[in-house]
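As a plain string of letters, each chain reads:
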Amino acid sequence: MSEITTTVWGIAPWSSELLTLDGDVGRGRRDPVLRDCLEGVEEEQFAELLSEQAITDHEGSTFRWPDYLRPLVEVSEGFAASVDTAPVTRWFDTNTFYRQPVIQGPLRLKDSRAWRQLVDAGRVTEAQPTLLSPYAFAELSAVEGAVDESQKLELVTDLYDELLGQYEAAGVRSVLLYEPYAPYVGATPRDVSRLHDVINRLAFAHPNISLGLYAGYGDASNALAKFSQGSFVDAIGCDLSRTDVSRLPIARSQRFIAGIVDVSNTELEVDDKLHDRIRQLVARVQPAALTLTHQQELEHIPPEYAVQKIVQLGRIARQTTKEELL
Amino acid sequence: MSQLLQTQEVGSLAKPDWRVQPVTHGTLTDAHIAGAHEWARRLDIPADEVEHSLRPTQQWLASEGVLDAVHAGVVRNLAAQFAVRLQEKAGIDILFDGEQDRPEMYQDAIAKTNGFAWRGHIRAFDKHPAKSFLKAAVVGPPSIKEPWHTDETERLQDLTSQAIKVPITGAYTLADWSFDEYYQRAVEQGGRGLSRAAAKRQFVYDLSDNVVRPNIQALLEAGATWVQIDEPAATTKPDEVPLFVEAFNRSVAGLVGKFSVHICFSDYSLLFPHVQGLEDCSQFSLEFANRDPRTLGTDLTRRPAYEVLRDFRAYTPEIAIGLGVTSVHDNDIEAPDLVRDRVVRATNIIGDPGLIYPSPDCGLRTRSWDVAFKKLQATAEGTALARAELGL
């Protein structure tokens, strides 16, 4: 194993103050400038925390996102025009929701600078943007008009191809694709093949971007099964608390992104338990490199607890040595 | 109450500014009171009632700056009266008071329950404005701090002569939406020898037996005859749907009344076959309009959202359906013709119009009163058209 790193990905939690302020702005009771200011402060504080904890790879994009779908819909053509009247849909097993994208035709970015609305342009080379995997995006979308269900994965993948092209040109070096759908529903072998094919296609088409695939919301062993030998994907990973580690593929040529810190609860698990998870994983998967991370999205716990979890992640990473794992 | 296709509300309505501002900002302006008068005129509520309730409150706030319990109660009571009259005026048959006393379905229940500690807000939906909810952790054995809704129920019986249905948050959802710093800690420490799944089960059992059931019993003693248990989390963890069924059964075990369950924004196919185990459930109140196209028609291609009703008919043919026919997450008012087609489609699938209760998809608390009123009107008018279409 060459190295041990850490990553924090996805949408970060907002403070109660920011949520209240955003609500008041939406109702016309407060000045939007105040909201933007507080949002900027919290984003900066979050970045400082990651730096203090020596988190090697981090987001740099989605702090301001309302969910994992809407921002991409808003910079693209081919979706139903009014996002605000689209069906409200539950985000897996949580009490959070998103508006379901409705695909009406070929999908493309509205302009050549669409990427600037999805990544913090000031941190582009150090950021690791998280995107919902194109497979999950397609499965969570509806179709309308001339488009039928069989076309949507290809249409979404074409859109991602264009976006990754923009990222690549802008200097983004690493992108994490997040796949919660296949593990949650228990993907069939056919679905796993479709997932593999589209991710592999994107990885092959964008060799200058290190592409990772992280699977959550269920046992990911099936979903990841085809991503080891002969895959163009640089890194694979999953929530280890929900995955049967003994069924994960051997991945000697890849980095493994190990979801070890539980962010579904406010309690901190004992460090020894997390070290055990890492040892079991490495013994089974034998990855070329190891990245430690949190198991699920951080946005489902209040920020003060997210801080504790990130501190624990940093601590575990510092305590884990290559020698210990060999 | 004799006609078929009774319409019903689902629970919450927004709180008007004159209900919110005295609580949150200690203010009640003339503009707020003028807004109350405007709605009083629309709802045929005498202007005197607004003046007698809000002017003394305004004067109190001007001198004291903070709302006291007496004036808070006066404002709540007036808001409940308005909410009831709004539903009556819209033509809804089965009512509640718009949950004018409750901040939110989870927060209100937890605030009146021992064994929990607040942990912070979680963003739930959207941005500008972001919707959020205050989340707690269970830190000890749950028990009732005070009865949740008996005051509301007693007041409501004085406010309307129409049928009422009292919503109450269910045990499974309360457990699922809470952090766990008590039951799982026992797991970690090996104190009880529980697995994580067993810890969740014990948490749900304790809430059912020691919190929700005693509250329902108190509601029945206060005069409620129909209690709706709200369980929006019922299907979110597919392997725990049987636990939701157990929670419902334990919550109503041995009690005499009419009980129903509201589940929304969920994959209903996951309920089967488990819901065959519900022992005293008279109605599933469900959201459909959110996921149904707006084109007119009563065939499958026009009304796809209602197809899952075939499963309800197959597995639980004796349980009625609270049929979501108006969406609660947009401001577009459904045409009565569209509501008619949704009701006709559902009736054709279920077969018995006596088992269909048209309603909004969920509580209308995220809509303005103007939008909520129009959506409730559309629900009632469209249902009347459906009765005519079906020859009822």
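Residue numbers here run from 1 along each chain, matching the order of that chain's written sequence. The lettering of chains begins at A and the numbering of ligands begins at 1, in the order of writing. Only residues with pLDDT of 70 or above have their local features reported here, since the model is predicted, and side-chain atom pairs are shown and tallied only from 80 upward, although totals for entire chains, interfaces and linings are computed over all residues. Based on all heavy atoms of the structure, the side-chain values leave hydrogens and waters out of the count.

Asker: So what about the overall build of chain A? Which residues, and what values?
Answerer: Scanning chain A from N- to C-terminus turns up eleven helices and 13 strands. Only C-alpha atoms enter the radius of gyration, while the globule expectation follows 2.2 Å times N to the 0.38, with N the number of residues. Compactness check: chain A gives a C-alpha radius of gyration of 19 Å against a globular reference of 20 Å for 326 residues, within 12% of the reference. Overall, chain A is about 55 × 45 × 35 Å in size when its C-alpha atoms are taken along their principal axes. Counting all 326 residues of chain A, 61% fall into the buried class. What makes two residues a contact is simply this: any of their non-hydrogen atoms within 4.5 Å. A separation of at least 24 residues holds for 77% of the contacts in chain A among residues at least 6 apart in sequence. Here chain A has roughly 12200 Å² of accessible surface; of this, 48% comes from carbon and sulfur atoms. Only four residue types enter the charge count, namely Lys and Arg as positive and Asp and Glu as negative; His and the chain termini do not. Here the site of a charge means NZ on Lys, CZ on Arg, CG on Asp, or CD on Glu. If the 31 positive side-chain charges of chain A are averaged to one point and the 49 negative ones to another, these points end up 2 Å apart. By definition, any uninterrupted DSSP run of H or I lasting at least four residues is a helix, any uninterrupted run of E lasting at least two residues is a strand, and each is numbered from the N terminus. Accessible area is worked out with a 1.4 Å probe on protein chains only. A residue is then buried under 20% of its type maximum, exposed over 50%, and partly exposed in between. The method behind every accessible area is Shrake-Rupley, applied with a 1.4 Å probe, and residues are considered shielded solely by the protein chains displayed.

Asker: A description of the packing of aromatic side chains should follow, citing residues and the corresponding values.
Answerer: Aromatic rings in a pair are described by how distant their centres are and how their planes are angled relative to each other. When two rings of Phe, Tyr or Trp (its six-membered ring) have centres within 6.5 Å they constitute a pair, described as stacked for plane angles under 30 degrees, edge-to-face for angles over 60, and tilted for the intermediate range. Applying the stated criterion across every chain yields a total of 32 aromatic pairs over all chains. Measuring from ring centre to ring centre gives 6.2 Å for F82 of chain B and W369 of chain B, while their planes differ by 35°; the resulting arrangement is tilted. Taken together, the residues F82 of chain B in helix α4 (residues 69–90) and W369 of chain B in helix α13 (residues 369–390) connect sequence positions 287 residues apart. Summarising the aromatic geometry, the rings of Y268 of chain B and F312 of chain B are spaced 6.2 Å apart at their centres and angled 70° between planes, so their arrangement reads as edge-to-face. Separated by 44 residues along the polypeptide, Y268 of chain B in the loop between β8 (258–263) and β9 (283–286) and F312 of chain B in helix α11 (residues 309–315) bring together distant segments of the chain. When sorted by exposure, Y268 of chain B lands in the same class as F312 of chain B, which is buried. Members of the aromatic cluster, each reached through a chain of ring pairs, are W9, Y68, W91, F92, Y98, Y178, Y184, Y214 and Y217 of chain A.

Asker: Now, about the nonpolar core: what can you tell me, with residues and values included?
Answerer: The tendency in soluble globular proteins is for nonpolar side chains to be buried side by side. By nonpolar core is meant a set of buried Ala, Val, Leu, Ile, Met, Phe, Trp, Tyr and Cys residues that side-chain atoms within 4.5 Å join together. In terms of nonpolar packing, the biggest core is built from 222 residues, with Y167 and F256 of chain A touching the most fellow members. Those residues within four positions of Y167 of chain A in sequence are excluded, and the remaining contacts are W115, L118, V119, P129, L131, V172, V175 and I209 of chain A.

Asker: An account of the sheet that holds strand β6 (residues 179–180) of chain B is needed here, citing residue identities and associated values.
Answerer: Each strand in a sheet pairs with another by means of backbone hydrogen bonds, the pair being arranged parallel or else antiparallel. Pairing is mixed across the open sheet formed by three strands, whose spatial order is β2-β3-β6 (chain B). At either end of the open sheet lies a strand with only one pairing partner, and these are β2 (113–125) and β6 of chain B. Think of it this way: DSSP has to see at least two bridges between two strands before they count as a pair. Looking at chain direction, β2 of chain B and strand β3 (residues 131–144) of chain B are connected through ten bridges and run antiparallel. When the bridges of β3 of chain B are listed, A117 of chain B appears paired with A137 of chain B. Contacts from helix α1 (residues 16–26) of chain A reach β2 and β3 of chain B, with the element oriented near 55° to β2 of chain B. Only the stretch in contact is used when fitting a helix axis, every axis being a line fitted to C-alpha atoms; angles between N-to-C directions are given from 0 to 180 degrees. Contacting β2 and β3 of chain B, helix α9 (residues 196–221) of chain B runs over the sheet at an angle of about 90° to β3 of chain B.

Asker: Mind laying out helix α3 (residues 47–64) of chain B, listing which residues take part and the relevant values?
Answerer: Residues and elements named next belong to chain B. Helix length check: α3, at 18 residues, gives a terminal C-alpha distance of 25 Å against a target of 26 Å (1.5 Å per residue), a fit within 8%. For α3, every residue scored as buried is listed here: V50, S53, L54, T57, Q58 and L61. For α3, the secondary structure elements touched by its buried residues are α1 (17–24), α2 (30–42) and α4. In the stretch just after α3, G65 is the one whose phi turns positive, near 85°. Here the expected span of a helix is defined as 1.5 Å times the quantity of residues minus one.

Asker: I'd like a rundown of the sheet that holds strand β10 (residues 320–326) of chain B, residues and numbers included.
Answerer: Residue and element names in this part refer to chain B. Spatially, six strands are ordered β5-β7-β8-β9-β10-β11 in an open sheet, and the strand pairing comes out parallel. Looking along the sheet, the strands with just one partner apiece sit at the ends: β5 (166–169) and β11 (356–360). For this sheet the average axis-to-axis angle between neighbouring strands, irrespective of direction, equals 25°. As paired strands, β9 and β10 are joined by four bridges and run parallel to one another. Across the sheet, residue S285 finds its bridge partner in β10, namely G322. The sheet contacts of α13 involve β10 and β11, and relative to β11 the element is tilted by about 155°.

Asker: Tell me about the layout of surface pockets, and name the residues and values.
Answerer: All names here are of chain A. Cavities and pockets are found on a 1 Å grid laid over the protein atoms alone: a cavity is a set of points where a 1.4 Å probe fits but cannot escape, a pocket is an open set with protein on both sides within 12 Å along at least five of seven lines, and a lining residue has an atom within 4 Å of such a point. Grid points are joined across faces, edges and corners, and a volume is the space filled by probe spheres set on the points. The calculated volume of the second largest pocket comes to roughly 1400 Å³. Elements represented by at least two residues in the lining of the second largest pocket include exactly β4 (88–90), β5 (97–99), β6 (102–109), β8 (142–143) and α6 (181–185). Taken together, the residues of the lining of the second largest pocket break down into 23 nonpolar, 13 polar and 14 charged. The classification used treats Ala, Val, Leu, Ile, Met, Phe, Trp, Tyr, Cys and Pro as nonpolar, Asp, Glu, Lys and Arg as charged, and all other residues, Gly among them, as polar.

Asker: Explain α13 of chain B residue by residue, including any values.
Answerer: Here α13 of chain B is 22 residues long and its end C-alpha atoms lie 31 Å apart, about the 32 Å a rise of 1.5 Å per residue gives. Of the residues flanking the end of α13 of chain B, it is G391 of chain B, one or two places downstream, whose phi is positive at about 70°.

Asker: How would you summarise the confidence of the model for chain A if you had to cite specific residues and measurements?
Answerer: How sure the predictor is of each residue is captured by pLDDT, a score from 0 to 100. Averaged over chain A, the pLDDT score is 90; the fraction of residues at 70 or greater is 96%. Put simply, helix α11 (residues 322–325) of chain A is where chain A has its lowest mean pLDDT, 66, and helix α4 (residues 134–139) of chain A is where it has its highest, 98.

Asker: An account of the interface of chain A and chain B is needed here, citing residue identities and associated values.
Answerer: With 44 residues of chain A at the contact, the number on the chain B side is 39 residues. Note on definitions: buried area is the accessible-area loss of two parts on being combined, 1.4 Å probe, summed for both. For the pair chain A and chain B, the summed buried area comes to about 3400 Å², and 47% of that belongs to carbon and sulfur atoms. Just to be clear on terms, a salt bridge is a Lys or Arg side-chain nitrogen sitting within 4 Å of an Asp or Glu carboxyl oxygen. On inspection of chain A and its partner chain B, the count reaches three salt bridges. A salt bridge links E269 of chain A to R196 of chain B; the shortest N-O distance between them is 3.6 Å. Pairs of N or O atoms within 3.5 Å make up the polar contacts considered here, provided that, within protein, one atom can donate a hydrogen while the other can accept it, and that residues adjacent in sequence are counted only when both atoms are side-chain atoms. On the surface where chain A and chain B come into contact, there are 15 residue pairs in polar contact (both at pLDDT 80 or more). Listed by contribution, the elements that provide at least two residues to the side of chain A that touches chain B are α1, α2 (32–52), β4, β5 and α10 (303–319) of chain A. Here the side of chain A that touches chain B gets five residues from one element, more than from any other, and that element is α1 of chain A.

Asker: Account for unusual backbone geometry, naming residues and giving values.
Answerer: Of note, the bond from F272 of chain B into P273 of chain B is cis; its omega dihedral lies within 30 degrees of zero at 0°. By the element assignment, P273 of chain B lies in the loop between β8 and β9. Phi is positive for A54 of chain A, close to 55°, though the residue is something other than glycine. For E99 of chain B, which is not glycine, the phi dihedral falls at a positive 50°. Among the secondary structure elements, E99 of chain B is positioned in the loop between β1 (94–95) and α5 (105–111).

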